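Structural overview
Spelled out from the first residue to the last, the chains are:
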Amino acid sequence: PWDLLVVDDATPDEVGIRDFCKKHGVAFVTKEKPSGLINSWNLAYQYFMSNGYNFCILSNDDVRFPKRFSKGFLDGLRKFDIIGPVSNDPGISKGQKTDRFSGMQPKEGNIDKIQHDISHKYHKYDRYQPIRDVNGFCFGFSRSAKKFEFSEGLLFDPKHANYDGEFDLCRRVHRRQGKTAICKVSYVFH
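Residues numbered from 1 in each chain as written. Predicted model: local features only at pLDDT ≥ 70, side-chain atom pairs only at ≥ 80, totals over all residues. Heavy atoms only, no water.

1. A look at the overall build of the protein chain
Across its full length, the protein chain holds five helices and seven strands. Reading the protein chain from its N end, one meets helices and strands in the order β-α-β-α-β-α-β-α-β-β-α-β. Relative to its length of 190 residues, the protein chain is compact, with a C-alpha radius of gyration of 16 Å against a globular reference of 16 Å. Across its three principal axes, the protein chain shows a C-alpha extent of roughly 45 × 40 × 30 Å. Residues classed as buried in the protein chain amount to 45% of the 190 residues present. For the protein chain, the share of sequence-separated contacts (at least 6 apart) that also reach a separation of at least 24 residues comes to 70%. Carbon and sulfur atoms form 51% of the exposed surface of the protein chain, whose accessible area is close to 10400 Å². Of the charged side chains in the protein chain, 30 are positive and 24 negative, and the gap between their average positions amounts to 8 Å. (Helix = DSSP H or I, 4+ residues; strand = E, 2+ residues; numbered from the N terminus. Rg over C-alpha atoms; globule rule 2.2 N^0.38 Å. Buried < 20%, exposed > 50% of the residue type's maximum accessible area, 1.4 Å probe, protein only. Contact = heavy atoms within 4.5 Å. Areas by Shrake-Rupley, 256 points an atom, 1.4 Å probe, with all protein chains shown as cover. Lys, Arg positive; Asp, Glu negative; His and termini not counted. Charge placed at Lys NZ, Arg CZ, Asp CG, Glu CD.)

Right, here's the structure in full:
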């Protein structure tokens, strides 16, 4: 069972995000005016902390999750402070790139096959690879994130309106003796 939260950056009502969330029973938070991605992440973090959740996965709206994505990912959050998945398009965090872990060519139609491939390949050992930075298109943390807050109630530095917030967080995690990693048994299509 998952609890989902959509944090919307002031999308006009006629787009229909609010109605979609209401129809499908998804929690929805919006803003009066656009405030950027990092503000949305901080709102999600505050919701996570105030509602007593153990784990949080932040994801862009264009990420596709295969079946059985989460088991290794959530297990990893018991060992690492920040964790990211393997992906076809990890942005500048090349350590998360699919071709390092699977021989399959990533396509939207084979996400379950890639998930199965890496789960089988790394299921017994070597499931996590420590890495310096995890890209923000999809990443997770546990309640241990509190010790890495930028300031009280804010996990991310608000000066990073739309980019670099995840890298700033990873640097803070490492300065405070925390650990970041890739979960080699969790794949997402981005």
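Resuming the write-up.
2. Here we look at the confidence of the model for the protein chain
Interpretation of the predicted coordinates at a detailed level should be avoided for regions scoring low in pLDDT. Per-residue confidence for the protein chain gives a mean pLDDT of 94, with 100% of residues at or over 70. Helix α3 (residues 70-76) is the least confidently modelled element of the protein chain, averaging 93 in pLDDT, while strand β6 (residues 138-142) averages 97, the highest of any element. (pLDDT = per-residue confidence, 0-100.)

3. Considerations on the pairing of strand β3 (residues 55-59)
Only one face of β3 is buried: it carries Cys-56 and Leu-58, and the other face, with Phe-55, Ile-57 and Ser-59, is open. Here five bridges tie β3 to β6, and the two strands are oriented antiparallel to one another. If you follow Leu-58 over to β6, its bridge partner there is Phe-139. (Pairing = 2+ DSSP bridges.)

4. Some points on the environment of Asn-54
Considering the arrangement of structural elements, one finds Asn-54 in the loop between α2 (37-50) and β3. C-alpha separation for the pair Asn-54 and Gly-72, spaced 18 residues apart in sequence, amounts to 15 Å.

5. Points about the nonpolar core
Ranked by size, the top nonpolar core spans 43 residues in total, and within it Leu-58, Ile-82, Ile-83, Phe-139, Phe-141, Phe-156 and Leu-169 carry the most contacts. Looking at this core, the elements with two or more residues in it are α2, β3, α3, β4 (82-87), α4 (111-122), β6, α5 (165-175) and β7 (180-188). The residues touching Phe-156, leaving out its near neighbours within four places in the chain, are Ile-38, Trp-41, Asn-42, Leu-58, Phe-139, Phe-150, Gly-165, Leu-169 and Arg-172. (Core = buried A, V, L, I, M, F, W, Y, C linked by side-chain atoms within 4.5 Å.)

6. Comments concerning empty space enclosed by the protein
Applying the stated criterion across every chain, the model contains one cavity of 30 Å³ or more. Its boundaries defined by the atoms lining it, the largest cavity holds a volume of some 40 Å³. Contributing to the lining of the largest cavity are Asp-8, Thr-11, Pro-12, Asp-13, Ile-17, Arg-18 and Phe-28. Here the residues of the lining of the largest cavity sort into three nonpolar, one polar and three charged. (1 Å grid on protein atoms, 1.4 Å probe; cavity = no way out; pocket = protein on both sides within 12 Å on 5 of 7 lines; lining within 4 Å. Points joined across faces, edges and corners; volume = space filled by probe spheres on them. Nonpolar A, V, L, I, M, F, W, Y, C, P; charged D, E, K, R; others polar.)

7. Brief notes about the layout of surface pockets
By rolling a water-sized probe across the atoms, one finds the places where empty space is left. There is about 1400 Å³ of room inside the largest pocket. If you go around the largest pocket, you meet 38 residues; those closest to its centre are Leu-4, Leu-5, Val-6, Ile-57 and Ser-59. Of all the elements in the fold, those that place two or more residues in the lining of the largest pocket are β1 (5-7), α1 (17-23), α2, β3 and α3. Ranked by residue count, the leading element in the lining of the largest pocket is α2, at six residues. Here the residues of the lining of the largest pocket are counted per class, giving 26 nonpolar, seven polar and five charged.

8. Focus on the pattern of salt bridges
Counted according to the given criterion, the structure contains 10 salt bridges. Close ionic contact of Asp-13 with Arg-18 constitutes a salt bridge, the shortest N to O distance being 3.4 Å. Judged by its relative accessible area of 39%, Arg-18 is partly exposed. Of the charged contacts, one joins Asp-168 and Arg-172 as a salt bridge, the two residues approaching to 2.6 Å between their closest N and O atoms. Residue Asp-168 and its partner Arg-172 are both found in helix α5; the two are separated by four residues, about one turn of the helix. On the accessibility criterion, Asp-168 (12% relative accessible area) is buried. When salt bridges that share partners are traced, they join Lys-71, Asp-75 and Arg-78 into one network. (Salt bridge = Lys/Arg side-chain N within 4 Å of Asp/Glu carboxyl O.)

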